[in-house]
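# Structural characterization, general
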Amino acid sequence: MALTQPIDRRLQPRSTANTRAVLVAPGIEMACVILDTSSGGLRVRTDRQLALPPTVTVVDIAAGLAFEAEVAWRKGAEAGLKLKGQSALRGLVPSRLLPAREAWVRAGGR
């Protein structure tokens, strides 16, 4: 029996990231890992399965960036996110990103 390779439906190539991050949404702040990135999205893994709201913010701790995203899919502890915007967390931030900035600071961001 011949095995077939899964069809890659992504429009943009992905790059492996393996980066510490924090997933932030109303009532949710949890550690996660950004597994890979593309110009259109992210794939993240959380430490537990949790129902996510339609939109979330992922905070890249080392880079000091907040990625606003829509949840495209969820499988177990992994989720695929479609990027809607990206903002730096250093200095002043818009009020909608204050929870993300506070999570970044608590996680050791400087």
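Described in the following lines is the structure provided in the data block. The structure presented is a predicted model; accordingly, all values stated were derived computationally and were not measured. (Residues numbered from 1 in each chain as written. Predicted model: local features only at pLDDT ≥ 70, side-chain atom pairs only at ≥ 80, totals over all residues. Heavy atoms only, no water.)

## A short note on the side chain of Glu68
Rules: Helix numbering and strand numbering both begin at the N terminus, where a helix is a DSSP run of H or I of at least 4 residues and a strand a DSSP run of E of at least 2. Buried, partly exposed and exposed residues are distinguished by accessible area as a fraction of the type maximum, computed with a 1.4 Å probe on protein chains only: under 20%, between the cut-offs, and over 50%, respectively. Any two residues whose heavy atoms approach within 4.5 Å at even a single point are treated as in contact.
Mapped onto the elements, Glu68 comes out in strand 5 (residues 65-75). For Glu68, a relative accessible area of 19% corresponds to the buried category. When neighbours within four sequence positions are excluded, Glu68 is seen to be in contact with Val56, Thr57, Lys82, Leu83, Lys84, Gly85, Ser87, Arg96 and Leu97.

## Overview of the sheet that holds strand 1 (residues 15-25)
The line we're drawing: Should DSSP find at least two bridges between two strands, the strands are regarded as paired. Structural elements are reduced to axes, namely lines fitted to C-alpha atoms, with helices fitted over the stretch in contact, and the angle between N-to-C directions of any two is expressed from 0 to 180 degrees.
Strand order around the closed barrel formed by six strands is 1-2-3-6-5-4, with antiparallel pairing between neighbours. Strand-to-strand, the axes of this sheet are offset by a mean angle of 45°, without reference to chain direction. Relative to strand 5, strand 4 (residues 55-60) is paired through six bridges, and the arrangement is antiparallel. Bridging across to strand 5, Val59 finds its partner in Ala66.

## Description of the pattern of salt bridges
If charged atoms from side chains of opposite charge come close, those side chains can pair. Quick reminder of the rule: What counts as a salt bridge is simple: a side-chain nitrogen of Lys or Arg found within 4 Å of a carboxyl oxygen of Asp or Glu.
All chains considered together, the criterion is met by seven salt bridges. Among the ionic pairs, Glu78 bridges to Arg45, the shortest N-O distance being 3.7 Å. With Glu78 in strand 6 (residues 78-88) and Arg45 in strand 3 (residues 41-46), this residue pair connects regions lying 33 residues apart in the sequence. Among the residues examined, Arg45 registers a relative accessible area of 39% and is labelled partly exposed. With a closest N to O distance of 2.9 Å, Arg96 and Glu68 form a salt bridge. Taken together, the residues span a long stretch of sequence, with Arg96 in the loop between strand 6 and helix 1 (98-106) and Glu68 in strand 5 at a distance of 28 residues. One network of salt bridges, with partners in common, ties together Asp36, Arg43, Arg45 and Glu78.

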